[in-house]
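Structure assessment
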Amino acid sequence: MVRLRNNYILPCLHGCLHPQVVSAGVGRPRVIVGTSGQYFILSSRLCCKACRKTWFADSPRWLEKLPKRFTNLLPAFLTYKKAICKSVMDELRRTGKSPTDMANQVNELMHLKYERAHLAYLHAIENVRDAEAGVYGQRTIGQFLRKENQPRAFGPYNNQSGWGGVSVSGFYLTDCLLEEFKRQEPAMSRLLQGTFGCVFRSDHTRKVARKVTLASGVMSSYAVMNENWLIVSWVMVQSEAERSLEPMYQGMAKRYSNAGVEKAGYHWMDRDCCAAFKIPDCILDEHLHWDAWKTTPSIVAGATSGRQLNTCASRSHYNNNIVVKLDLFHCLRRFSRECTSEHHPLFSTFCQLLSAAFSVVDQADLKRLQDAYRFCGIHPANPTKQHTREHCRIKIPHPTELLDRVEKVLNHFHLATDPNNVPLFKPSMLKTWRIQRVHILRGCLSDPELSEGIMYRYGGTLQLNHVPGEGAKVPIWIPVRGTSQQEGYHFHQAHWVTGTHVSPELFQAQGMTGVARWNYQRLVDLKQPGVILPAVFDPALMCELNAASMRVTGQEKYAAFLLSDRDTGERFGLQYSEPGCRPVPLDWDKHRSQKRDEPAALMPPPPLQTPAAPAEDKAPDVAPPFSWTLPSGVPYPGPAPSVRHPLSAGALPKQDMAPEEVQDPPAAIEISHALPLPPTSSPRSARTGPIKTGGRVFVLDHTRWTAPMKVAIDSLLQKHHGEKDLLKLVDQDYAAMVHQSATDPNSLLHPTTRLHISRYVKHLAKLLNTSSSLNTSQEKLLDTQQLWHSLTEGSETASVPVVTMEAAVVNPPTPALSTPLTQGSLEKIVEGILEKQQQQQQQQQQQHQPEQKRRQTKTCLACGQPKSRYETDGSSIHFFYQQGPVRYFYCSKKVHQSYAAEGLSDPKMPFEQFVNTDFFRRELEETKKRVEEKVEKKRKRPDPHQTGRLCRFCHLELKQGPNSPHIHSGFPGVAGKYIYCPSKVYSLYIDKGMTREMSWKEFQVSPFYLLERQRWVDERKK
């Protein structure tokens, strides 16, 4: 207190102009709950001489007025009545647990500490009693001095005069988490506003949006990802229309303009990639004729004529020249959904061939990968799917070639059936093909043809199977196109928000924290050279640390950890406001007993005003008033003048649309002062569907189903056969049947799950298809093999463009030597091919000869060739030189890499020329030093100590054990111990037919056992 008073004038809690704060005595202790238990802090009682009012130093209202240099010293977050240690909040943010789980964990740790203390107390009493009884040799007189022998009770956990334990609730941790998020929110928003990209990938999902407890119950999560898998923007929308995304893309355009960064030029989406078009419904049984699937010139002309560009939000409000593409993953998923069932025998084959039709592997990369397979000794050199995806670039061909490849697959499967005559395709597959055919012809799926390339970015090199050498080095290609990486982001996003239903405030806190941590982890994974990032994730702490380091030392500690220097007005998550939609209420103080700002009175919002003139009659320079809501606890200030808001949808210039383009329905009137969406009246965390267990707690697998269960599920499978969500419908109907029969004690309908029903369907499919998964004729099988060969053999595409942007460098390869192709180099190449053929012939001849131990040739680590003068491919020269005890191995490529900077220019210098240079003497001296050091270490090495006697014949340990082949035993009826030595017995009876050394068990059943027994008896008689 004295030091603070000398350096800083303490403020008064009640806002005195000239405060004189002094100590007014000892304050109160406050318990703090941490990850290792609970501890106490003691706060002073303060008094202001100006206003004569007192308060405690741990009051949160007074701590907010202190500078951060003082409050940063506190080890806990203090509230009005309780306190939580910062270690608990750090663990809660790091692990991503729910507040309830974290509260249970902390309570269990504190109760464990209490129980262990109670056990120690009882052990101490036992120790005293044992001493008084003379257990340790001398009796104490403590029992004669006590008035009573009954020890005092340890007391319960929450006894305030005893242990004084406290309990933490999940609601309290939720409030602390929200308070911490409010402190971190400005830094997280600025961190997200400072993220840019050259390529966008966007997608909608409802996995995490179902957890928001709103009365509407319909929301979607929309995220925009860049080429480095960083989230550029994330919003929660109530409508999936493009109009709902206009303010978001306006804010992104403002972000790029303020920073002076070039806008992204490519955007992969899950839908709405081109102008709207109509496809009529199919006629009954039209899909049975192949003519309905064919592509005619009139279909091509209709799909490629007219306006093809769409008016999506990214093109109309972000970048007019952006190229919008359709994601391949969503296109393939639309094809797979039109199959009868994923359990169909032909489903996996169809998906495999369809994926091969859409993708073309770069032949140069594939050949390099196959050569690496051969270099590593993998035969046959057929790369796996995972290696092909990681080390080969894949391109989606141009529309004409892509259309031909996909038509071949559909022609092969459009009438395919299983042994029960169940077709693979639904009748609606024909309409799906016609819709996707338009996207193919318009080039929505094909990769853009660019000279510099943006499809892949270079990720370094990798040694295949950890084999050293240049031949095993393969590149790593990271794809830029598509939204496949966002599916993994959706999976993680659903785990950030804990529970099944949460409040909007907790959803915003956990979701925003997860997005910021995701971006930070992606920056760490890039491993950019020269970039130093902190090992912890705390944006507010890192921002304050950089600012303090700049003020004190003149430079930031983490210069790469940059935040946006200006606020672009963008809002993320549930704070995002859609035009024409009511905002989501976020009341951060609704759980507080004492609000931050108590409102005097709340005035109702003014009534909605009807516009006097339609929107099209307004002047272009007059913008409608933007939509806004009253903050909680702030009175209505009265009518304000019309202000042109930068993110308002009405302030945008009107877009001219072609007359033939499909017009969107007229938007609803903009709602000024829109009321917030009401939350659900009674949020539930339980299952929304029917009760599935019916009071029972066990679930049966399909192998233990009763007969009535099989009959019921078979009837439901037959009822919903051919529908889209077969397993989901069967599961719901069967759960309702179990719930209805729960009152009957004799019912045999036991509960099961969707997983077990899926296994049962696969079990039935295996029973029907016992011969093969295809179960087709030989002609059909041959056609399938030919189709697969035509799709994987290659195409007109020869290479795949690569992105020019800088990326992570992992094991950068050495620069290749540019050597011109001359007559001499051609002759060496032919000689190398002939030598390889001769080596293969010699290997084949050696395989037919009797097996014998072959001498293995080591491999040179510099060039990857064998350490031999005659087995290299000519790229380097090897030679062995020996002078006394010194043996030197010469590799021309290794020597060139070591002394190229000092003037050695020939990578294939013969050893006779290298001897005459100064580099040879330096190499020889270094080799002599290494040999002398090795001899010195060997001389100083202590001799191994023999633990026991050795056998005179095999010189191994005579003692029986895991390191010795000897067996200590005896012969029945013969006195004395017999030590069995396999080598000695083999040498004795090799002339009598023994072919190999035998173990003791094998020797006992062999005819040599009796001979050895007789020999041992004769030897004992001597």
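If you're wondering where the values come from, they're calculated on a predicted model, not measured in any experiment. (Residues numbered from 1 in each chain as written. Predicted model: local features only at pLDDT ≥ 70, side-chain atom pairs only at ≥ 80, totals over all residues. Heavy atoms only, no water.)

1. Structural notes on the overall build of the protein
Defined as follows: Helix numbers and strand numbers start at the N terminus; a helix is a DSSP run of H or I with at least 4 residues, a strand a run of E with at least 2. When a residue's accessible area, from a 1.4 Å probe over protein chains only, is under 20% of the maximum for its type it is buried; when over 50% it is exposed; and in between it is partly exposed. Whether two residues are in contact is decided by their heavy atoms: any pair within 4.5 Å suffices. Residue burial considers only the protein chains on display, and all accessible areas are found by Shrake-Rupley using a 1.4 Å probe.
When helices and strands are tallied, the protein shows 30 helices and 20 strands. Counting every position in the protein, which comprises 1022 residues, the buried fraction comes to 39%. For the protein, the proportion of contacts with a sequence separation of at least 24, taken over those separated by at least 6, is 67%. About 61,200 Å² of surface is accessible on the protein, with carbon and sulfur atoms providing 54% of the total.

2. Describing the packing of aromatic side chains
Short version of the rule: Any two of the Phe, Tyr and Trp rings considered here, Trp counted by its six-membered ring, make a pair once their centres fall within 6.5 Å; the pair's planes then place it as stacked at under 30 degrees, edge-to-face at over 60, or tilted in between.
Evaluation of the coordinates by the stated rule reveals 44 aromatic pairs. Between Y114 and Y157 the ring centres are 5.5 Å apart and the planes differ by 80 degrees, which places this aromatic pair in the edge-to-face class. In this pair, Y114 sits in helix α5 (residues 99-132) while Y157 sits in the loop between α6 (142-145) and α7 (170-193), placing the two residues 43 residues apart along the sequence. Each of the two residues, Y114 as well as Y157, counts as buried. When the ring of Y899 is compared with that of F919, the centres are 4.8 Å apart and the planes differ by 40 degrees; the resulting orientation is tilted. Linking Y899 in helix α25 (residues 892-899) with F919 in helix α27 (residues 918-940), this pair joins segments that are 20 residues apart in sequence. For Y899, a relative accessible area of 5% puts it in the buried group. The exposure class of F919 is buried, given its relative accessible area of 14%. Connected via pairs of aromatic rings, a cluster forms that spans F879, Y881, Y888, Y890, F911, F914 and F920.

3. Details of the pairing of strand β17 (residues 878-883)
What counts, and what does not: Each pair of strands is called paired provided DSSP finds at least two bridges between the two strands.
Sheet analysis places β17 next to strand β18 (residues 886-891), joined by six bridges and oriented antiparallel. Considered in β18, the bridge of Q883 is made with V886.

4. As for the sheet that holds strand β4 (residues 45-48)
This is how it is decided: Every angle, taken between N-to-C directions, lies between 0 and 180 degrees, and every axis is a line fitted to C-alpha atoms, over only the stretch in contact when it is a helix.
Strand order in the open sheet formed by three strands is β1-β4-β5, and the pairing between neighbours is antiparallel. For this open sheet the edge positions go to β1 (21-23) and β5 (53-56), each flanked by a neighbour on one side alone. Each strand of the sheet is rotated relative to its neighbour by a mean of 30 degrees, with strand direction disregarded. Taken together, the three bridges between β1 and β4 define a ladder with antiparallel strand orientation. Following the sheet pairing, V22 is matched in β4 by C47.

5. Let's talk about a nonpolar patch on the surface
For clarity, the threshold we go by: Only residues above 30% relative accessible area that lack a salt bridge enter a patch, with like-charged residues linked at up to 9 Å and the nonpolar side chains Val, Leu, Ile, Met, Phe, Trp and Tyr linked at up to 5 Å. We define a salt bridge as a contact between a side-chain nitrogen of Lys or Arg and a carboxyl oxygen of Asp or Glu at a distance within 4 Å.
A contiguous nonpolar patch, built from I141, F144 and L145 and spanning about 400 Å² of accessible area, is present on the exposed surface. Relative to the elements of secondary structure, I141 occurs in the loop between α5 and α6.

6. A closer look at the state of the cysteines
Our working definition: Any two cysteine sulfur atoms within 2.5 Å of one another count as a disulfide.
For the structure shown, the criterion picks out zero disulfides. Free cysteine: C951, not disulfide-bonded; nearest cysteine sulfur from C954 at 3.8 Å.

7. Observations regarding unusual backbone geometry
Omega for the peptide link from H379 to P380 comes to -5 degrees, which places this bond in the cis form. Following the sequence through the fold, P380 ends up in the loop between α13 (363-375) and α14 (385-391). One non-glycine residue, D272, adopts positive backbone phi at about 55 degrees. If you trace the backbone, D272 turns up in the loop between β11 (266-269) and α9 (297-304). Backbone geometry places H466, a non-glycine residue, at a positive phi of 60 degrees. For H466, the position within the fold is in the loop between β15 (456-463) and β16 (473-479).

8. Some points on the packing of helix α11 (residues 328-337) against helix α16 (residues 429-441)
Rule in force here: Should an angle fall under 35 degrees it is taken as roughly parallel, and over 145 as roughly antiparallel, whereas 65 to 115 is taken as roughly perpendicular and any remaining angle as oblique. By convention, the crossing between two helices is left-handed when the near helix turns anticlockwise from the far helix through less than a right angle, and right-handed when the turn is clockwise. Polarity classes work like this: nonpolar for Ala, Val, Leu, Ile, Met, Phe, Trp, Tyr, Cys and Pro, charged for Asp, Glu, Lys and Arg, and polar for all others, with Gly in that last group.
Here α11 crosses α16 at 160 degrees, and the two axes come no closer than 9 Å. In terms of orientation, α11 lies roughly antiparallel with respect to α16. At the point where α11 passes α16, the crossing takes the left-handed sense. For the pair formed by α11 and α16, the contact residues are C331, R334 and F335 on the first element and M429, T432, W433 and Q436 on the second. Of the residues belonging to the contact of α11 with α16, the class tally is four nonpolar, two polar and one charged.

9. So, the nonpolar core
Where we set the bar: Nine residue types can take part in a nonpolar core, namely buried Ala, Val, Leu, Ile, Met, Phe, Trp, Tyr and Cys, and a core is a set of them joined through side-chain atoms within 4.5 Å.
W62, W234, Y489 and F507 are the most contacted members of the largest nonpolar core, which totals 68 residues. Among the elements that line this core, the one with the most residues is α7, at 10 residues. Every residue in contact with W62, bar those within four places of it in the chain, is listed here: L10, P11, C12, L13, L46, W55 and A57. Core analysis: the next-biggest nonpolar cluster, separate from the first, contains 59 residues, C273, W290, L402 and L410 among them.

10. So, the environment of H387
In this structure, H387 sits in helix α14. According to the relative accessible area criterion, H387 is buried, its value standing at 19%. Once residues within four sequence positions are removed from consideration, H387 is found in contact with L369, Y373, C392 and L464.

11. Digging into the pattern of salt bridges
In this structure the tally under the stated criterion is 27 salt bridges. Of the charged contacts, one joins R93 and E180 as a salt bridge, the two residues approaching to 3.9 Å between their closest N and O atoms. Taken together, the residues span a long stretch of sequence, with R93 in helix α4 (residues 86-95) and E180 in helix α7 at a distance of 87 residues. For the pair shown, R93 and E180 are each scored as buried. Note that K408 is salt-bridged to D404, the shortest N-O span being 3.8 Å. With K408 and D404 both in helix α15 (residues 399-413), this residue pair falls four residues apart, about one helical turn.

12. Topic: the sheet that holds β11
The strand order across the open sheet formed by five strands is β10-β9-β8-β11-β12, and the pairing between neighbours is mixed. A strand with exactly one partner marks an edge of an open sheet, and here the two such strands are β10 (231-237) and β12 (323-326). Each neighbouring strand pair of the sheet contributes to a mean axis angle of 20 degrees, computed without reference to strand direction. Here strand β9 (residues 220-225) runs beside β10; their pairing, made up of six bridges, is antiparallel. If you follow M225 over to β10, its bridge partner there is I231.

13. What about a negative patch on the surface?
For the record, the criterion: Under the counting rule used here, the positive set is Lys and Arg, the negative set is Asp and Glu, and His together with the chain ends is not counted. Taken as the charge location is NZ of Lys, CZ of Arg, CG of Asp or CD of Glu.
On the surface, E827, E831, E835 and D873 cluster together into a patch of negative charge. The residue E835 is located in helix α24 (residues 823-848) in this model.

14. Topic: the pairing of strand β8 (residues 199-205)
Most of β8 is tucked away, with seven of its seven residues classed as buried. Going residue by residue along β8, you find V199, R201, D203 and T205 tucked away on one face and F200, S202 and H204 tucked away on the opposite face as well.

15. A short note on the environment of T100
For T100, the location among the structural elements is in helix α5. Classification of T100 as partly exposed rests on a relative accessible area of 46%.

16. Section: the packing of helix α12 (residues 347-358) against α15
Interhelical geometry of α12 versus α15 gives an angle of 165 degrees and a closest axis separation of 8 Å. Considering the angle they form, α12 stands roughly antiparallel to α15. The chirality of how α12 crosses α15 is right-handed. Of the residues in α15, those touching α12 at T349, F350, L353, L354, A356, A357 and F358 are L402, R405, V406, V409, L410 and F413. Classifying every residue of the contact of α12 with α15 by side-chain character gives 11 nonpolar, one polar and one charged.

17. Things to note about α16
One turn of the α-helix equals 3.6 residues, which is why residues spaced by three or four share an orientation. As a reminder, the rule being used: Expected span of a helix, by definition, is 1.5 Å for each gap between consecutive residues, and there is one gap fewer than residues.
Between its first and last C-alpha atoms α16 spans 18 Å; for 13 residues at 1.5 Å apiece the expected length is 18 Å, and the two agree. Where burial is concerned, most of α16 is hidden: 11 out of the 13 residues are buried. If you check which residues of α16 are buried, you get M429, L430, T432, W433, R434, Q436, R437, V438, H439, I440 and L441. As for α16, its buried residues are in contact with α9, β12, α11, α12 and α15. In the stretch just after α16, G443 is the one whose phi turns positive, near 80 degrees.

18. Topic: the side chain of T195
Note the cut-off: In protein, a polar contact means a hydrogen-donor-capable atom and an acceptor-capable atom, both N or O and within 3.5 Å, with residues adjacent in sequence counting only if both atoms are side-chain atoms; elsewhere, any N or O pair within 3.5 Å suffices.
Mapped onto the secondary structure, T195 falls in the loop between α7 and β8. With relative accessibility at 8%, the residue T195 sits in the buried group. One polar contact links the side chain of T195 to the main-chain carbonyl oxygen of L191, over a distance of 3.2 Å. Beyond its immediate sequence surroundings of up to four residues, T195 is in contact with N226, L230, I231, V232, R255 and N519.

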